[in-house]
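If you want the building blocks of each chain, they are given just below.
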Amino acid sequence: MNLEKVIFGFFIVLAMTLNFGFFVGGSGNPIEHHIYELYTAIVVNLIATVLKFGDRSQIGAIHLSTSLVADLQLIAAAIVWVVASSEASGTAARVVSLSGGALLANITSVILLLAETITLRR
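Bear in mind the structure is a predicted one, so any value in this text is a computation, not a measurement. (Residues numbered from 1 in each chain as written. Predicted model: local features only at pLDDT ≥ 70, side-chain atom pairs only at ≥ 80, totals over all residues. Heavy atoms only, no water.)

J.: Please explain the overall build of the protein as it appears in this structure.
T.: Looking only at helices and strands, one finds 4 helices and 0 strands in the protein. Going from the N terminus to the C terminus, the protein shows its helices and strands as α-α-α-α. Looking at the protein residue by residue over its 122 residues, the buried ones come to 37%. Partitioning the intrachain contacts of the protein with sequence separation of at least 6 by distance along the chain shows that 68% fall at a separation of at least 24. Of the roughly 7300 Å² of accessible surface on the protein, 71% is carried by carbon and sulfur atoms. (Helix = DSSP H or I, 4+ residues; strand = E, 2+ residues; numbered from the N terminus. Buried < 20%, exposed > 50% of the residue type's maximum accessible area, 1.4 Å probe, protein only. Contact = heavy atoms within 4.5 Å. Areas by Shrake-Rupley, 256 points an atom, 1.4 Å probe, with all protein chains shown as cover.)

J.: Which parts of the structure should I look at to understand the nonpolar core?
T.: As a rule of thumb, nonpolar side chains are buried together in soluble globular proteins. Phe22, Leu38, Ile42, Val44, Leu74, Trp81 and Val95 are the most contacted members of the largest nonpolar core, which totals 18 residues. Elements that contribute at least two residues to this core include exactly helix H1 (3-23), helix H2 (35-51), helix H3 (58-83) and helix H4 (91-119). A per-element tally of this core places H2 first, with 6 residues. Valine 44 has contacts with Phe11, Leu14, Ala15 and Leu18, leaving out every residue within four places of it along the chain. (Core = buried A, V, L, I, M, F, W, Y, C linked by side-chain atoms within 4.5 Å.)

J.: I keep staring at the UniProt feature "transmembrane region" (unreviewed entry) in the protein and nothing clicks. Help me out?
T.: UniProt feature "transmembrane region" (unreviewed entry): in the numbering of this structure it lies at residues 7-24, 36-54, 61-83 and 95-115. Taken end to end, residues 36-54 is 84% helix and 0% strand, and its two terminal C-alpha atoms sit 29 Å from one another. Counting secondary structure, residues 95-115 comes out at 100% helix and 0% strand; the distance between its end C-alpha atoms is 30 Å. (UniProt positions renumbered as here; feature names shortened; annotations may be inferred.)

J.: Just checking my understanding: could you explain empty space enclosed by the protein for this structure?
T.: Where empty space is left in the structure can be found by rolling a water-sized probe over the atoms. If you walk through the whole model with that rule in mind, you get 1 cavity of 30 Å³ or more. Within this model, the largest cavity holds a volume of roughly 40 Å³. For the largest cavity, the full set of lining residues is Phe11, Ile12, Ala15, Asn45, Ala48, Lys52, Ser67, Asn106 and Ser109. Elements represented by at least two residues in the lining of the largest cavity include exactly H1, H2 and H4. Ranked by residue count, the leading element in the lining of the largest cavity is H1, at 3 residues. (1 Å grid on protein atoms, 1.4 Å probe; cavity = no way out; pocket = protein on both sides within 12 Å on 5 of 7 lines; lining within 4 Å. Points joined across faces, edges and corners; volume = space filled by probe spheres on them.)

What follows is the structure, given as C-alpha cells:
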C-alpha cells in the first residue's frame, strides 16, 4: 500500500465530506450551518490543493483545477459570511450557494480519483 496515495485520497474525501456537512441544511437558516465547519473545510481543501501540486499528468492538472475552484468558492463563502454578518437577510443563502459550488468541484475531484483508481494497473 502506498502511504502517499492513502494520504492524498484521505484529504480529497475529507474535503468533500466537510464541505457536504456544511452545505446540508436549510439555505436560509444560518443556525443550521456552523462557521467552524466552513473554516475547517477551507483548511482541508487548502491541504488537498497542496498535495495535488506534485502530479504532472493530465488528470493531475484536472485534480488541481477542481481543488482551486473549491478553494476559491469556500474562501469567497467565508468572506461573504464575515462581511455580510451584520445584515441578516440572505447571507446564509449566499454562503451556502458558494459552498454548493465548492461541493460540486469536490465531487468532481473524488470521481476523478475513483476513475484513476479503477483504471490503475498493477
